[in-house]
Amino acid sequence: MTRLVFDHLTLWITAAASEHSLDLAAHIEEKTGASHRAALAAIKRLVDAGWLTRSGTSRRPQFSPGSLRQVARSYTLYGLQEDLPWQRDFAPHFALPRHVERMVQHGFTELVNNAADHSGGSSVTVSLRQTPSHVQLLVSDDGIGVFDKICTAFQLEDTQHAMLELSKGRLTSAPDAHTGRGLFFSSQLADVFDIHANNTAYQRRAWESAGWKKGKALPRQGSSIYMAIALNTTRTLDSIMESWSLQGDGIEFDRTRVQLRLLTTEGQALDSRAAARRVGSRLTTFKRAEIDFDGVTDVGHGFTDELFRVFAKANPQIELVAVNTTPRIEALVKSARA
């Protein structure tokens, strides 16, 4: 007789409760081969744990998804239309605040589309989980890996430089079909955002001013992107898009912030003109760029001169703003501008 594994049940019981509210036990028996007694015991355990809500009578019980919900599905990437899985397999089974659902929908469709159009893989697995406090999305593909893809497309030699470019936004290896907004704005929507790809990981926490930092990588091929959003967040999709628009209307994505900590390691100075040119790469697509020195304690004359004099003089249409500077770095920037 089939043994029901609780963790496996939670992967599909939410959708099953929505679609088989009146015959859930029979559906579990049919899907797993378990006995009627085992199915009833599993249902009781799922109710007690918060995965199911029971109503109706003792003779005719009715079940619906509980405060814990999860749907996990795998798809072939060839020909995948990212909106259909969301509409058909995921959205009907969750009860999210409207503004949170809109952000999750945005992240879901953008991340699945990225996997379909850029990963070079054959399949993607998507898991969406709701708890009483958060909603969590995980999108994993078996492709080339996001950092390797960026390095190849933009002729970069270091995954650290790939993350620097990714953090600026408006990065795409297919400019005719994409604007480079999807992954960037998805990361800004989330309270927790992690990117894992081929033994490299970066994470962003909304409550930490430092922004992106290195994380502990998962040992797997391809990309896995995780985002979590608090159900009580005041953040909205519109407010995030507006914050990266100079006009504040969310139409144009014309401002960015460059985190210099992504170019160096702790205790190492930013001293070269080459590093400054990496910072300036693609900034011509923006009207305002905040150069964030948070976590950087030492820079050289060559770096500040190349960025704040040479690059600035060649691109006067871009407003370069140095933020989170030490007094010494501020003086070097001022000297370069003069």
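All values reported here derive from a predicted model rather than from experimental measurement.

### Considerations on the packing of aromatic side chains
Thought 1: If you walk through the whole model with that rule in mind, you get 10 aromatic pairs.
Thought 2: One aromatic cluster is present, formed by Phe184, Phe185, Trp244, Phe253 and Phe286 through successive ring pairs.
Thought 3: If you follow lysine 31 out to its NZ or CZ, it ends over the ring of tryptophan 12, 4.9 Å from the centre.
Thought 4: The ring centre of phenylalanine 286 lies 5.8 Å from the NZ or CZ of arginine 170, which sits over that ring.

### Focus: the UniProt feature "domain: DUF4325" (unreviewed entry) in the chain
Thought 1: According to UniProt, the "domain: DUF4325" (unreviewed entry) feature falls on residues 283–327.
Thought 2: The straight-line gap between the two end C-alpha atoms of residues 283–327 is 25 Å; of that span, 33% is helix and 22% is strand.

### Some thoughts on empty space enclosed by the protein
Thought 1: Under the counting rule described, the total for this entry stands at 2 cavities of 30 Å³ or more.
Thought 2: Of the volumes computed, that of the largest cavity is approximately 40 Å³.
Thought 3: Residue lining of the largest cavity: Met163, Leu166, Ser167, Leu183, Phe184, Ser187, Phe193, Ile195 and Trp212, and that is the complete set.
Thought 4: Of all the secondary-structure elements, those providing two or more residues to the lining of the largest cavity are α8 (159–168), α9 (182–189) and β6 (192–197).
Thought 5: Within the lining of the largest cavity, the residues separate by chemical class into 7 nonpolar, 2 polar and no charged.
Thought 6: Approximately 30 Å³ is the volume attributed to the second largest cavity.
Thought 7: If you go around the second largest cavity, the residues you meet are Val104, Val135, Gln136, Leu137, Met227, Ala228 and Ile229.
Thought 8: Elements that contribute at least two residues to the lining of the second largest cavity include exactly β5 (134–141) and β9 (223–230).

### Brief notes about the pattern of salt bridges
Thought 1: Evaluated as defined, the whole model comprises 20 salt bridges.
Thought 2: One salt bridge connects aspartate 48 with lysine 44, and the closest N-O pair in it is separated by 3.0 Å. In this pair, aspartate 48 and lysine 44 both sit in helix α4 (residues 36–49), 4 residues apart, roughly one turn of the helix.
Thought 3: Residue arginine 261 is joined to aspartate 294 by a salt bridge in which the shortest nitrogen-to-oxygen separation is 3.0 Å. Here the residue arginine 261 occupies a position in the loop between β10 (255–259) and α11 (273–280), and aspartate 294 occupies one in the loop between β11 (288–292) and α12 (301–314), the gap between them amounting to 33 residues.
Thought 4: Accessibility expressed as a relative area gives 26% for arginine 261, which makes it partly exposed.
Thought 5: Three or more residues are tied together by salt bridges with common partners; here these are Arg255, Arg257, Arg288, Glu290, Asp292 and Glu319.

Definitions and limits used
Residues numbered from 1 in each chain as written. Predicted model: local features only at pLDDT ≥ 70, side-chain atom pairs only at ≥ 80, totals over all residues. Heavy atoms only, no water. Phe/Tyr/Trp six-rings, centres within 6.5 Å; stacked < 30°, edge-to-face > 60°. Lys NZ or Arg CZ within 6 Å of the ring centre and 35° of its normal. UniProt positions renumbered as here; feature names shortened; annotations may be inferred. Helix = DSSP H or I, 4+ residues; strand = E, 2+ residues; numbered from the N terminus. 1 Å grid on protein atoms, 1.4 Å probe; cavity = no way out; pocket = protein on both sides within 12 Å on 5 of 7 lines; lining within 4 Å. Points joined across faces, edges and corners; volume = space filled by probe spheres on them. Nonpolar A, V, L, I, M, F, W, Y, C, P; charged D, E, K, R; others polar. Salt bridge = Lys/Arg side-chain N within 4 Å of Asp/Glu carboxyl O. Buried < 20%, exposed > 50% of the residue type's maximum accessible area, 1.4 Å probe, protein only.

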